[in-house]
Amino acid sequence: MIPVAAPCIGKEEEEAVIAVLRSKMIASGEVVSRFEEEFGRYINHSSAVATSSGTSALHAALLALGMKPEDEVIVPSFTFIATATAVSMCGATPVMADVHNKTFTLDPDSVMESVSSKTKGIIGVHLFGQACDIHALSQICEDHSLSFIEDCAQAHGAEYHGKKVGSYGDAGCFSFYPTKNMTTGEGGMITGTDSGFIERCRRIINHGQKERYLHTILGYNYRMTNMSAAIGRVQLTKLERMNQVRQRNAEIYSNRLRIPGIVTPVCLDGSTHVYHQYAILVLDEFPLPRDGLVEYLDRNGVGSAVHYPLPVHRQPLYKESMNARCPVSEWLSENILSLPVHPGITADDCEKICSCLLEVN
Ligand SMILES: Cc1ncc(COP(=O)(O)O)c(C=O)c1O
């Protein structure tokens, strides 16, 4: 079976973790600090704070930007649930806006319809590895004095008009979950340039501690361990290469999958797509429905996945309290399908998957 996702972990990661274990300094320490410096430098010389997950990165960043009950934060309905739940964790309300039908990222027109007197921020998700419309969303934030948060969980290394994502917003939030473009096992990172914001994040992720055993604000234990950071430091050195393999795999698919009823991803001018997912649309002209194609691929040894089968405003957690209208998100949920694109598969694997899809026709 060709898996739909798999982390690329090798000898260097093993040795780095063993070195940390032998040092006995396994919790958050020097290795985490080094990882923060290196990751921040990579994201156009931002400052960076390592966290225990992408979700805790989002939660801490939103708190550090002052989100509180009564506030609203606009998020896309077509994303992983954590983009929205991080807002709820602050006691604030996530307001779902719709996404664009070509890029699947937050639609600035839908955002404009969702702005209210309670809106305090917008979270733009760089979904599947491509930047959202940062220019338009930043402009809305500027016009309405809102914070702009970039959810970069799926876009490590992606660029937008010559700069890395995570260097545009008031905060960039990354996840290092094993399926991501780079991993630390579990982990996350907050990037930013405002020293006050970075200092607040540091305090929030470490029990609200200003100095040892002096707690000035409500905080959490959202720290990264040295073991995770050791994996992350190695992964960061491999990231560009791993993204290039993703891009090569995506190019094979995009060249060969010119099939009626299959829509391949759009890469916008000015953006580099790092293909966290290679998400196709399976439309009515295709001989199999989307879920039938999942089964067909499975029978032929090809893993695939649906990201995401339910838009956030339709999730049981939120649907009672939402009257959001997000028709594009709903349409995508019914038709989208992710093919394996990770760096663990070869060009031959991609060719095999293409042949498999062409045979359906
Ligand atoms: C868009 C998005 N935001 C946030 C997260 C949360 O990251 P984590 O799983 O590391 O908490 C993810 C992870 O899947 C994600 O894809």
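Everything below is about the structure printed above this text.
Quantities reported herein were computed from a predicted structural model and do not represent experimental measurements.

Calculation notes
Residues numbered from 1 in each chain as written. Predicted model: local features only at pLDDT ≥ 70, side-chain atom pairs only at ≥ 80, totals over all residues. Heavy atoms only, no water. Helix = DSSP H or I, 4+ residues; strand = E, 2+ residues; numbered from the N terminus. Rg over C-alpha atoms; globule rule 2.2 N^0.38 Å. Buried < 20%, exposed > 50% of the residue type's maximum accessible area, 1.4 Å probe, protein only. Contact = heavy atoms within 4.5 Å. Areas by Shrake-Rupley, 256 points an atom, 1.4 Å probe, with all protein chains shown as cover. Lys, Arg positive; Asp, Glu negative; His and termini not counted. Charge placed at Lys NZ, Arg CZ, Asp CG, Glu CD. Near = heavy atom within 4 Å. Polar contact = N/O pair within 3.5 Å; in protein donor to acceptor, adjacent residues only side chain to side chain. Salt bridge = Lys/Arg side-chain N within 4 Å of Asp/Glu carboxyl O. Disulfide = S-S within 2.5 Å. Pairing = 2+ DSSP bridges.

**Observations concerning the overall build of the protein**
Stage number 1. Counting secondary structure elements, the protein contains twelve helices and 14 strands.
Stage number 2. The globule rule puts the C-alpha radius of gyration for 361 residues at 21 Å, and the 20 Å found for the protein is close to it.
Stage number 3. When its C-alpha atoms are laid out on the principal axes, the protein stretches across 65 × 55 × 35 Å.
Stage number 4. Across the 361 residues that make up the protein, the buried fraction comes to 55%.
Stage number 5. Within the protein, contacts between residues at least 6 apart in sequence are counted, and of these 71% link residues at least 24 apart.
Stage number 6. Carbon and sulfur atoms form 50% of the exposed surface of the protein, whose accessible area is close to 15,500 Å².
Stage number 7. Seen as two clouds, the 31 positive and the 41 negative side-chain charges of the protein have centres 7 Å apart.

**Focus on the site of the ligand**
Stage number 1. Taken together, 15 residues form the shell around the ligand, and within it G54, T55, D151, S175 and K180 come nearest.
Stage number 2. In the environment of the ligand, an oxygen atom lies 2.5 Å from a nitrogen or oxygen atom belonging to the side chain of T55.
Stage number 3. Between an oxygen atom of the ligand and a side-chain N or O atom of K180, the distance comes to 2.6 Å.
Stage number 4. In isolation the ligand offers 390 Å² of accessible surface; the protein chains occlude 91% of this area.
Stage number 5. Elements supplying a minimum of two residues to the shell around the ligand: α3 (54-64) and α4 (82-89).

**Re the pattern of salt bridges**
Stage number 1. This structure, assessed with the given rule, holds twelve salt bridges.
Stage number 2. Taking the shortest distance from any N to any O, the salt bridge between K11 and E14 comes out at 3.5 Å. Taken as a pair, K11 and E14 lie in helix α1 (residues 11-23) at a separation of three residues, close to a single helical turn.
Stage number 3. For K11, a relative accessible area of 55% corresponds to the exposed category.
Stage number 4. Linking R202 and E36 is a salt bridge whose minimum nitrogen-to-oxygen distance equals 3.3 Å. Residue R202 is found in helix α7 (residues 195-204), and its partner E36 is found in helix α2 (residues 30-42); the two are separated by 166 residues along the sequence.
Stage number 5. A relative accessible area of 35% places R202 in the partly exposed class.
Stage number 6. A relative accessible area of 10% means that E36 is categorised as buried.

**Points about the state of the cysteines**
Stage number 1. What the rule picks out here adds up to zero disulfides.
Stage number 2. In this structure C173 is a free cysteine whose sulfur lies 7.1 Å from that of C152, the closest cysteine sulfur available.
Stage number 3. Free cysteine: C201, not disulfide-bonded; nearest cysteine sulfur from C173 at 7.6 Å.
Stage number 4. We classify C201 as buried; its relative accessible area is 0%.

**Looking at the sheet that holds strand β14 (residues 336-339)**
Stage number 1. Within the open sheet, the three strands sit side by side as β12-β13-β14. Their pairing is antiparallel. One side of each edge strand has no neighbouring strand; the edge strands of this open sheet are β12 (262-263) and β14.
Stage number 2. In this structure, β12 lies alongside strand β13 (residues 278-282), joined through two bridges in antiparallel fashion. Residue pairing for β13: V263 is matched across the bridge by L281.

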